[in-house]
Amino acid sequence: MSNSAINKFRPFTMIFGLALLLAIAPLVFAQVSTNQTANSRNLNLRSVPSGSKMKFQGVVISRDGDAFTIRDRTRTDYQVLITDNTSIKTHRGFLRSGKKYPVTDILRGLIVEVEGRGDAQGQLVADKIRFNESDMRAAITSDTRVTPVEENQQRIAGQMDELYAIAAEARKEVTEVNERVSALDDYDVQESVAVNFRVNSAVLSPEAKQQLDTLAEKTLNAKAYMIEVAGHTDSTGGEAKNFRLSRERADAVVQYLAVNHKIPLRRFVTPMGYGKTEAVADNSTAAGRAQNRRVEVKMIINRGMTQRTSSAAKP
């Protein structure tokens, strides 16, 4: 991938990630607000001592099965439990009692008077519940309006959880893509070999061919690899001659690997001849000059491509 393509791709990933964050921000804040309200409500809940008889008046703020929460004038909340023995009446007469009582008649917003005793769980087990019929009608009207809104809030909360999970996964994928794009210019050397040449020669020796054969075997199962070839000379001879000779040596290596091992030319980085400019040993000695008459061959792996392969292999 070219640098221009990479530069075009990076702004897209940044904009994509920012759009996701802006999309889920209102939902996250709504969830935080809901959690804070619920925590505040739980902090106001007061436990009723076991066996203690209590009688108080308040408004129903929530219900759950056979239990509901009532808030008195001091904004203190109590958990009230309804049993088969709970007597439920209006102040003007008997309404319902016993097993036929449907708990749904105790609605949020209903002002009730409760009398009972505390149990081991800190709840008030109701013996009597009283309320006005007018308050019941008002509670029914309020519940009819509020319930659809709360159901819609619950639906939105569920969607928010799903969107948050999707956004988290998208951020992870964007991060991985950015890392792979950044790594496209990075290479790791997997194998390397230096083959040597005789004086003023660009002909591969049998030993050099054997070294190249071993390197070529390593490419059979490799993916996303390139081969870098750099030719060198010792310090003897003129500068122009050494640059030409070093390039000829590099070309000889490329030709051998391409013809004898069928390595595609697209796998080779453009071979380069460095002349005598990158000596690895002392040119004042015969042994040093022999080491400098070489071609360095490196099998390199693109780090960005190997990261993509590793990610695709994950379950």
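Preceding this section is the structure that the text describes.
If you're wondering where the values come from, they're calculated on a predicted model, not measured in any experiment. (Residues numbered from 1 in each chain as written. Predicted model: local features only at pLDDT ≥ 70, side-chain atom pairs only at ≥ 80, totals over all residues. Heavy atoms only, no water.)

A rise of 1.5 Å per residue sets the reference length of helix α4 (residues 239–261), with its 23 residues, at 33 Å; its end C-alpha atoms lie 33 Å apart and thus fit the reference within 8%. For α4, the set of buried residues is N242, L245, S246, R249, A250, A252, V253, V254, Y256, L257 and A258. Buried-residue contacts for α4 involve β8 (187–196), α3 (206–217), β9 (225–231), β10 (272–273) and β11 (294–302). Residue K262 follows α4 closely and has a positive phi angle near 55°. (Helix = DSSP H or I, 4+ residues; strand = E, 2+ residues; numbered from the N terminus. Expected span 1.5 Å × (residues − 1). Buried < 20%, exposed > 50% of the residue type's maximum accessible area, 1.4 Å probe, protein only. Contact = heavy atoms within 4.5 Å.)

Moving on, we get to the pattern of salt bridges. If you walk through the whole model with that rule in mind, you get seven salt bridges. Linking D77 and R71 is a salt bridge whose minimum nitrogen-to-oxygen distance equals 2.7 Å. Each member of the pair, D77 as well as R71, carries the same accessibility label: buried. Note that D234 is salt-bridged to R293, the shortest N-O span being 3.0 Å. In this pair, D234 sits in the loop between β9 and α4 while R293 sits in the loop between α5 (286–292) and β11, placing the two residues 59 residues apart along the sequence. For D234, a relative accessible area of 4% translates into the label buried. (Salt bridge = Lys/Arg side-chain N within 4 Å of Asp/Glu carboxyl O.)

Note: most residues except glycine have negative phi, and most peptide bonds are trans. In the Ramachandran plot, N200 falls in the positive-phi region, its phi being about 55° despite a non-glycine side chain. According to the relative accessible area criterion, N200 is exposed, its value standing at 51%. The backbone of A224 sits at a positive phi, close to 55°, despite the residue not being glycine. Of note, A224 is situated in the loop between α3 and β9.

Such coordinate-based values are descriptive only and should not be taken to indicate function.
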